[in-house]
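Overview (structure and organization)
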Amino acid sequence: MNNFYAEYIQNVNVSRCVAIGQYIVDSGDTVRGAAKMFGISKSTVHKDITKKLKQENSALYNEVAKVLQLNKEQRHIRGGIATRYKYQTLRETKEKQQKFKNNENI
């Protein structure tokens, strides 16, 4: 877990769900990114946000919901970019292998 958020939880004495919610609002990160940052599963982050945070701090919950909705809307774009990158690097690797084979045959 990032030191800032670890200290934030300890010093301010807030619950994990509030810390996760504040992190998502501050960074605009996804559930997966928040899970990685806090060292917990995506399921736990999702449960903390949808159930616990909604009860503890509804104003923060509304802000987090906006960020997560934006991430959801952009998900297909990020997937397309990742797929393009995958096939671009695959093509470049094949081209390098072909050049290497051509140089060996000379």
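Whatever comes next refers back to the structure up there.
If you're wondering where the values come from, they're calculated on a predicted model, not measured in any experiment. (Residues numbered from 1 in each chain as written. Predicted model: local features only at pLDDT ≥ 70, side-chain atom pairs only at ≥ 80, totals over all residues. Heavy atoms only, no water.)

On to the packing of aromatic side chains. Overall, the coordinates contain one aromatic pair when judged by the stated rule. The interplanar angle of 80 degrees and the centroid separation of 5.7 Å between the aromatic rings of Tyr 23 and Phe 38 together place this pair among those described as edge-to-face. A residue pair is termed long-range when its members are at least 10 positions apart, and Tyr 23 in helix α2 (residues 16–27) and Phe 38 in helix α3 (residues 31–38) qualify at 15 residues. Residue Tyr 23 is classed as buried on the basis of its relative accessible area of 8%. (Phe/Tyr/Trp six-rings, centres within 6.5 Å; stacked < 30°, edge-to-face > 60°. Helix = DSSP H or I, 4+ residues; strand = E, 2+ residues; numbered from the N terminus. Buried < 20%, exposed > 50% of the residue type's maximum accessible area, 1.4 Å probe, protein only.)

We now examine the side chain of Asp 48. Within the secondary structure, Asp 48 sits in helix α4 (residues 42–56). The contact partners of Asp 48, leaving out residues within four places of it in the chain, are Arg 16, Cys 17, Ile 20 and Leu 53. (Contact = heavy atoms within 4.5 Å.)

Across its 47 residues, helix α5 (residues 58–104) extends 66 Å between first and last C-alpha, which sits within 8% of the 69 Å expected from 1.5 Å per residue. Looking only at α5, the buried set comprises Leu 60, Tyr 61, Val 64, Val 67 and Asn 71. Looking at the buried side of α5, the elements it contacts are α2 and α4. (Expected span 1.5 Å × (residues − 1).)

Within the largest apolar cluster, 18 residues are counted, with the highest numbers of intra-cluster contacts made by Ile 20, Ile 24, Val 45 and Leu 53. Here this core takes six residues from α2, the largest share from any one element. If we skip the residues at most four places from it in the chain, Ile 20 touches Ala 34, Phe 38, Ile 40, Val 45, Asp 48 and Ile 49. (Core = buried A, V, L, I, M, F, W, Y, C linked by side-chain atoms within 4.5 Å.)

This model, assessed by the stated rule, comprises two salt bridges. Between Arg 16 and Asp 48 there is a salt bridge, and its shortest N-O distance comes to 2.7 Å. In this pair, Arg 16 is assigned in helix α2 and Asp 48 in helix α4, connecting sequence segments 32 residues apart. Taking the relative accessible area as the measure of exposure, Asp 48 reaches 1% and is therefore buried. Ionic pairing is found between Asp 48 and Lys 52, a salt bridge with its closest N-O pair at 3.5 Å. (Salt bridge = Lys/Arg side-chain N within 4 Å of Asp/Glu carboxyl O.)

This brings us to the packing of α2 against α4. Helices that pack against each other are described as a pair by the angle of their axes relative to one another and the distance between those axes. Two numbers describe how α2 lies on α4: the axes approach to 9 Å, and their chain directions differ by 105 degrees. As the angle between them shows, α2 and α4 are arranged roughly perpendicular. Within the contact between the two elements, α2 uses Arg 16, Cys 17, Val 18, Ile 20, Gly 21 and Ile 24 and α4 uses Thr 44, Val 45, Asp 48, Ile 49, Lys 52, Leu 53 and Glu 56. Of the residues in the contact of α2 with α4, the class split is seven nonpolar, two polar and four charged. (Axes fitted to C-alpha atoms, helices over the stretch in contact; angles between N-to-C directions. Parallel < 35°, antiparallel > 145°, perpendicular 65-115°, else oblique. Nonpolar A, V, L, I, M, F, W, Y, C, P; charged D, E, K, R; others polar.)

A separate point is the side chain of Asn 71. By the element assignment, Asn 71 lies in helix α5. In this view, Asn 71 contacts Gly 28, Asp 29, Thr 30 and Arg 78; residues no more than four positions away in its chain are not counted.

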